[in-house]
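Read off the chains here:
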Amino acid sequence: MTQTRFPIGLYGVTPEWDDTARLLDAVRQAAAGGMRALQLRRKQLSRAQRLAQARELAPLCRELGVVFLVNDDWRTALEAGADGAHLGRDDASLAEVRAAAPGLILGVSCYADLARARELLAQGADYIAFGAVFPSSTKPQAVRAPLALLAEAAALARGQAAPRPAVVAIGGITPANAGQVAAAGADSIAVITGLFEAPDIRAAAQACAAPFPSFQA
């Protein structure tokens, strides 16, 4: 099996829930269904609130064998004991974070921009994320990244040294369309609503994870 720097399969992204106990329970259910990585994405919290939630999630993810990242805020990732951080266009540069925190797994948003992906791969990104691949209720104005783009991104990633970076797809992904995204070339799918707002989180996780070669029911 191809060795990647980031887990293959389902990458859960947290909803905007203030109820941490509810979130921890949902993460347990998702992990039981096959979720391999989790990103704390809390745009509406203060840094102190985000850190508090991250400190609850980090040990749980270690217990569950789930790779844990924090969106936007690499310093919070370090303080909370997370495995990594996800960086967008308006966050700190990948080179800056890599120099300051060499041990973190670093993923980057590439939107629909292959040139950006090439640049960030050269700087050592552990995964390159593209989306929205489908209309997204979380980011309805997000640029669209067609499924065909994922094949080009996969070719870029395969050209890197092993273990190679992963290709992540995000945006409007559900159990119903996860297979299309995997077939198009994504190593991992980032899912918020289709996972955590599902009536049965474990079953949704299983359905999202099933198209990927690392999935074990």
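Residues numbered from 1 in each chain as written. Predicted model: local features only at pLDDT ≥ 70, side-chain atom pairs only at ≥ 80, totals over all residues. Heavy atoms only, no water.

The name recorded for the protein in an unreviewed UniProt entry is Thiamine-phosphate synthase, from Bordetella pseudohinzii. UniProt, in the comment section headed Sequence similarities (unreviewed entry), describes the protein in these words: "Belongs to the thiamine-phosphate synthase family." (UniProt positions renumbered as here; feature names shortened; annotations may be inferred.)

Q: Please provide a residue-by-residue account of helix 1 (residues 20-32), values included.
A: Residues spaced three or four apart along an α-helix point in a common direction, a consequence of the helix completing one turn every 3.6 residues. With 13 residues, helix 1 should reach 18 Å at 1.5 Å per residue; the first-to-last C-alpha distance of 18 Å fits that figure. Those residues of helix 1 hidden inside the fold are in contact with strand 2 (35-40), helix 2 (47-64), helix 8 (193-196) and helix 9 (201-209). Count one or two residues on from helix 1 and you reach Gly34, which has phi positive near 120°. (Helix = DSSP H or I, 4+ residues; strand = E, 2+ residues; numbered from the N terminus. Expected span 1.5 Å × (residues − 1). Contact = heavy atoms within 4.5 Å.)

Q: Outline unusual backbone geometry, listing residues and values.
A: Here Gly131 and Ala132 are connected by a cis peptide whose omega angle stands at 20°. Among the structural elements, Ala132 can be located in the loop between strand 6 (127-130) and helix 6 (147-158). In this structure, Pro163 follows Ala162 across a cis peptide bond, with omega equal to -10°. Along the chain, Pro163 turns up in the loop between helix 6 and strand 7 (166-170). A positive phi angle, close to 75°, is found at Asp72, a residue other than glycine. Residue placement: Asp72 occurs in the loop between strand 3 (67-71) and helix 3 (74-80). Its identity is not glycine, yet Tyr111 carries a phi of approximately 60°, on the positive side. Position of Tyr111 among the secondary structure elements: in strand 5 (residues 105-111). Taking relative accessible area as the criterion, Tyr111 reaches 18% and is therefore assigned buried. (Buried < 20%, exposed > 50% of the residue type's maximum accessible area, 1.4 Å probe, protein only.)

Q: Help me get a handle on the UniProt feature "binding site: 4-amino-2-methyl-5-(diphosphooxymethyl)pyrimidine" (unreviewed entry) in the protein, residues and values and all.
A: In this structure's numbering, the residues bearing the UniProt feature "binding site: 4-amino-2-methyl-5-(diphosphooxymethyl)pyrimidine" (unreviewed entry) are Gln39, Leu40, Arg41, Arg42, Lys43, Asn71, Ser109 and Lys139. With residues near it in sequence (within four places) discarded, Arg41 still touches Val13, Thr14, Pro15, Glu16, Asn71, Thr138, Lys139 and Ile192. Within the secondary structure layout, Lys43 lies in the loop between strand 2 and helix 2. Discounting residues that sit within four places of it in the chain, Lys43 has contacts with Glu16, Asn71 and Asp72.

Q: Lay out the packing of helix 5 (residues 114-122) against helix 6 with the relevant residues and their values.
A: Taken N-terminus to C-terminus, the directions of helix 5 and helix 6 make an angle of 20°; their axes are 11 Å apart at the nearest point. The angle between helix 5 and helix 6 places the two elements in the roughly parallel class. Of the two possible hands of crossing, helix 5 and helix 6 adopt the one that is right-handed. Judged by residue contacts, Leu114, Ala117, Arg118 and Leu121 of helix 5 engage Leu149, Glu152, Ala153, Leu156 and Ala157 from helix 6. (Axes fitted to C-alpha atoms, helices over the stretch in contact; angles between N-to-C directions. Parallel < 35°, antiparallel > 145°, perpendicular 65-115°, else oblique. Left-handed = near helix turned anticlockwise from the far one by under 90°.)

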